[in-house]
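# Secondary and tertiary structure notes
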Amino acid sequence: MSRQQRRREYSTDSLERTPSDDLHYQGMLRALEGRKDERDRVQKKTFTKWVNKHLIKTQRHVNDLYEDLRDGHNLISLLEVLSGETLPRERDVVRSVRLPRERGRMRFHKLQNVQMALDFLRRRQVKLVNIRNDDIADGNPKLTLGLIWTIILHFQVSCSISDIQVNGQSDDMSAKEKLLLWSQRMADGYSGVRCDNFTTSWRDGKLFNAVIHKHEPRFIDMGKVYRQTNLENLEQAFSVAERELGVTRLLDPEDVDVPHPDEKSIITYVSSLYDAMPRVPDVQDGVKANELELHWQEYYELVTVLLQWIRHQAHIFEEKKFPSSYEEIEILWRQFLKFKETKLPAKQSDKSRSTHLYQSFESAVHAGQVKVPPGYHPTDVEKEWGRLQVSILERERLLRIELERLERLQQIVSKVQTESGMCEEQINQTESLLQTDIRLLSAGKPAQHTAEVERDLDKADGMIRLLFNDVQLLKDGRHLQAEQMYRRVYRLHERLVNLRSDYNLRLKPSVSTASHVSITQISQKSVQRARPELDEVTLRYAQDLLSWVEENQRRIDTAEWGIDLPSVESQLGSHRGLHQTIEDFRAKIERARTDESQLSPASKGTYRDYLGKLDLQYNRLLNSSKSRLRNLDQLYNFVSAATKELMWLNDKEEEEVNYDWSERNTNMTAKKENYSGLMRELEFREKKINDIQATGDRLIKDGHPGKKTVEEFSAALQTKWSWILQVCCCIETHLRENTAYFQFFADVRDAEQRMKKMQETMKKKYTCDRSTTATRLEDLLQDAVEEREQLNEFKSDIAGLTNRAKSIVQLKPRDPTSPSRGKLPVQAVCDFKQMEITMHKGDECTLINNSQPFRWKVLNRSGNEAVVPSICFLVPPVNKEAVESVSSLDAGQQQTQALWQKLHADLRSLLSWQYLMKDIHLIRSWNITTLKTMKSDEYQLMLRNLQMHYQDFLRDSRDSRLF
């Protein structure tokens, strides 16, 4: 009968209880039961909030913890989020979202799903005590809470707290003890604030506020805390933690301000607080806590400012629109050069200083004493800096192109200004000569400059034609002064047309030399002879208009559409200017219509034919221009959207292809979270890309004139999307293999420590001598038998590690500091095709050169050699290091087994010796009186025992080193 049974029997049978005792006893039971119910209620509420905090990433939600976990779906989703482990759907290679699960609603479906979750936990060495799948499927409250608490302990408390390094901790402290010690360190220095446990110490809320204040003093006014009530303090701490630190509000003040707060709920919340606080006020390698804190704070602030500056500058440099003024672009260029000469070197110095600062506490980071938030590692800064450098180079290239373009246009503006001035002088001189000859004719004298005027008019006409060509170049280039130059040249053209009309009407006809004809008669004859000349000028003007229409029609018909976004944008801007000119051209046609009244009846028929043809050709030109403008708008929208997605895909490709999958990068959990984010982004982008592809297909189907450009962008988008899907396949494979790699070596290290501890324990516990009592030896022998069971279990674990070692990949070849010797076989984990090489998933290739970590030179089975992204390959087993580590473990296990056998033999021999010596001492104590009074049977029994114990001693001491 056990001690507890005896105590229970005594309390119920041996004592008489009075009725008042029964009432008191029942009251105690009811109080204990009520406290248990209250504890379960608080735990259920806290655990529900904790579960929902993680399930939100999968768009799931739990309302009733006991009911909503019964079918296993939410449980599996929770474990996927916490572990980061995913398996692909059958129909979708990209969306690797869920563990396999049963979709039915029958009880056996629920049991199967819950069992999957429990098996998953056991594979991760999570101990589940008396929790079966039917307990969860039936909604057992106690065991459901127990399961969630086990999950919280493994994924939240143990994983988060395992890296705590604080003064005063020992190696064998549990995660709970470490968290308590951390809380005590955070509470140091606060009057009236003590942390003795995870229950009553937190009731008044001061400890919560002190922890947050130690992390960031500006968040909490401790003077106010000492004046507030418990509920006010708790409300303040939970609100500030949620608002400023992003800690989910798992607790409610009224659940903590009770006589016996729930320990598990508070541990869950405090571990969440620890996760949100990357700074630790302890020491590392002799560096004082405040020095470490100062170094970290300086680094954090410096990197924060630096990253903000980098992203701001990168955003500025990504702007593709520039001023259209040469003076403004020149100012922009000088500012850019000044930026490169002054600001960039200063920030580069800040970056170098941040690297040196990080190195000063890097050991503390590796020890878990300082937690660096995501995006604040020096490699993250380098990545952002690299993107800035790329944007700077691209900015410089675009600025140079734009500066050179505007410089050429500015030269054209200067040329137009100079030559238009010369043309204006030419027209002024011609006008002066023409007026002189007209006055001579009016005076009845012959004209003297007829030939010179005609020659100057033709010269001015040629100059204006060249000026119109230059003005068109300015319009095509969207120069600010294009319209101004056009109006200037157009005014010169109008003056020239008027001069030519005066010349043809008043000067060109032959002047009669008959002296008896009066000036009036001469004028009348001149007008009569000038009528054909007027018709000629008007008809020529209509011909010029028609020629302009036909020339621009040819220009539109033969115009390019552009092959990329800048060229399409340039074509669109150029044509907008041309289209405006074409619309303005209608005014000239209307003017030509009014000129019809000046023609002679003989010329009106021909002129109407010209005008009819001009109307027809102009309407065709206007429709062609509208159509081209509409098509360019469609093409620009399509190319702009496609370019944006291609740039995003290129950025993601570069980020993933250049990810470090070597053994130096052990943070697979962060990568899993990053990959989950990528999957969500891809799902979002997939719809946009499908819409763009549909737009492209519609443009091609409708016969868009820029069909070639549309087809090229659609093909590029499809190729890039297919490639990013292949990259995702590679990431999934590397995540799985690298996780297995690091988990394997972590398990090997744990096994080594476990084995070492077992050896030390056995030596310390089972090393005895002849002074050890028989009772003690019997207890030790019983313990040794149980120890042998642990040894057998350990041997089974090593056998499992031996099997796992055969499937561990090699990561050392991914380290450029470990160049491959000879030809190393590698395996393709995705499809890859380029001009030099084609390979498919599962193909074996040969690694020739791995000097570049992200680009490997490989040889395929066909003998083709090329440089391929290293993410496409896996260096398959056997990993010699893994095999050797397990072999070393196996040898150690055999040594441990031999040590156990030796110590066990010593214990048995000592026990046999003790039994023998007990018999000998008993016999030696006999005297004559004893022998006379002793019965014969007793004497014979004693001798048989002595003989038996002697034989046992001879047998047991044979393998002992003690005898």
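Conventions used here
- Residues numbered from 1 in each chain as written.
- Predicted model: local features only at pLDDT ≥ 70, side-chain atom pairs only at ≥ 80, totals over all residues.
- Heavy atoms only, no water.
- Helix = DSSP H or I, 4+ residues; strand = E, 2+ residues; numbered from the N terminus.
- Buried < 20%, exposed > 50% of the residue type's maximum accessible area, 1.4 Å probe, protein only.
- Contact = heavy atoms within 4.5 Å.
- Areas by Shrake-Rupley, 256 points an atom, 1.4 Å probe, with all protein chains shown as cover.
- Salt bridge = Lys/Arg side-chain N within 4 Å of Asp/Glu carboxyl O.
- 1 Å grid on protein atoms, 1.4 Å probe; cavity = no way out; pocket = protein on both sides within 12 Å on 5 of 7 lines; lining within 4 Å.
- Points joined across faces, edges and corners; volume = space filled by probe spheres on them.
- Nonpolar A, V, L, I, M, F, W, Y, C, P; charged D, E, K, R; others polar.
- Domains from an automatic or database assignment.
- Core = buried A, V, L, I, M, F, W, Y, C linked by side-chain atoms within 4.5 Å.
- pLDDT = per-residue confidence, 0-100.
- Phe/Tyr/Trp six-rings, centres within 6.5 Å; stacked < 30°, edge-to-face > 60°.
- Lys NZ or Arg CZ within 6 Å of the ring centre and 35° of its normal.
- Patch = residues over 30% accessible without salt bridge, like charges linked within 9 Å, V, L, I, M, F, W, Y side chains within 5 Å.
- Pairing = 2+ DSSP bridges.

A tally of regular secondary structure across the protein chain gives 29 helices and seven strands. Within the protein chain, the fraction of its 963 residues that count as buried is 44%. Contacts in the protein chain between residues at least 24 apart in sequence constitute 72% of all its contacts with a sequence separation of at least 6. Of the roughly 52400 Å² of accessible surface on the protein chain, a fraction of 50% belongs to carbon and sulfur atoms.

With that out of the way, let us pick up the pattern of salt bridges. Here the structure, examined in full by the defined rule, presents 54 salt bridges. Between Arg243 and Glu244 there is a salt bridge, with its nearest N and O atoms 3.4 Å apart. For Arg243, a relative accessible area of 57% gives the class exposed. Judged by its relative accessible area of 37%, Glu244 is partly exposed. Between Lys688 and Glu645 there is a salt bridge, with its nearest N and O atoms 3.5 Å apart. Of this pair, Lys688 sits in helix α24 (residues 668-701) while Glu645 sits in helix α23 (residues 601-657), and the two are 43 residues apart along the sequence. Residue classification places Glu645 among the buried positions, given a relative accessible area of 1%. Through salt bridges that share partners, Glu38, Arg41, Lys45, Lys49, Asp252 and Asp255 make up one connected network.

Looking at the second largest pocket, its volume works out to about 960 Å³. Taken together, 29 residues form the lining of the second largest pocket, with Arg465, Phe468, His493, Asp544 and Trp548 sitting closest to its centre. Where the lining of the second largest pocket is concerned, the elements lending two or more residues are α18 (450-476), α19 (482-507), α20 (519-557), α21 (565-584) and α22 (586-594). With ten residues, α20 is the single largest residue contributor to the lining of the second largest pocket. Within the lining of the second largest pocket, the residues separate by chemical class into twelve nonpolar, six polar and eleven charged. The two domains that each donate at least three residues to the lining of the second largest pocket are domain 2 (281-508) and domain 3 (533-733).

Nonpolar side chains tend to gather and get buried jointly when the protein is soluble and globular. Among the nonpolar cores identified, the biggest contains 85 residues, and Phe744, Val868, Cys872 and Phe873 are the most heavily contacted of them. The element that contributes the greatest number of residues to this core is helix α25 (residues 707-766), accounting for 21 residues. Core analysis: the next-biggest nonpolar cluster, separate from the first, contains 68 residues, Ala187, Leu250, Ile267 and Leu273 among them.

This next bit is on the confidence of the model for the protein chain. For residues with low pLDDT, the predicted coordinates do not support detailed interpretation. In the predicted model, the protein chain carries a mean pLDDT of 82, and 88% of its residues have values of at least 70. Taken element by element, the predicted model of the protein chain shows its lowest mean pLDDT in helix α1 (residues 3-14) (35) and its highest in strand β7 (residues 873-874) (93). Here residues 1-25 is modelled with pLDDT under 50, and outside its nearest four sequence neighbours on either side it reaches six contacts, counting other chains as well. Predicted confidence is poor over residues 510-531, with pLDDT under 50, and the contacts of this stretch with residues over four places away or in other chains come to 13 contacts.

All right, on to the packing of aromatic side chains then. Overall, the coordinates contain 31 aromatic pairs when judged by the stated rule. Each ring, one from Trp296 and one from Tyr300, has its centre 5.5 Å from the other, and the planes form 50°; the classification is tilted. Of this pair, Trp296 and Tyr300 are both found in helix α14 (residues 289-317), four residues apart, which corresponds to roughly one turn of the helix. By relative accessible area, Trp296 is classed as buried at 2%. Look at Tyr300 and you get partly exposed, because its relative accessible area is 31%. Between the aromatic rings of Tyr659 and Trp661, the centroid separation amounts to 4.8 Å while the plane-to-plane angle is 65°, which identifies the pairing as edge-to-face. Judged on exposure class, the residue Tyr659 and its partner Trp661 are both buried. In this structure an aromatic cluster arises from ring pairing among Trp296, Tyr299, Tyr300, Tyr358, Phe361 and Tyr376. A cation over a ring is seen here: Arg628 above Trp561, with NZ or CZ 4.6 Å from the ring centre.

The next point concerns a nonpolar patch on the surface. A grouping of Ile928, Leu931, Tyr939 and Leu943 is seen on the molecular surface, where their side chains present a nonpolar patch of about 340 Å² in accessible area. Listed by contribution, the elements that provide at least two residues to the nonpolar patch are α28 (928-933) and α29 (936-956). Tracing the chain through its elements places Tyr939 in helix α29.

Our focus in this paragraph is the sheet that holds strand β5 (residues 855-859). Ordered in space as β6-β5-β4-β1-β7, the five strands form an open sheet in which the pairing is antiparallel. Looking at the sheet topology across the chains shown, the edges are occupied by β6 (865-869) and β7. With five bridges connecting them, β5 and β6 associate as antiparallel partners. Across the sheet, residue Arg855 finds its bridge partner in β6, namely Pro869.

Evaluated as defined, the whole model comprises two cavities of 30 Å³ or more. In this model, the largest cavity occupies a volume close to 50 Å³. Lining of the largest cavity is provided by Val657, Tyr659, Asp660, Trp661, Ser662, Arg814, Pro853, Phe854, Ser870 and Ile871. Here the residues of the lining of the largest cavity sort into six nonpolar, two polar and two charged.

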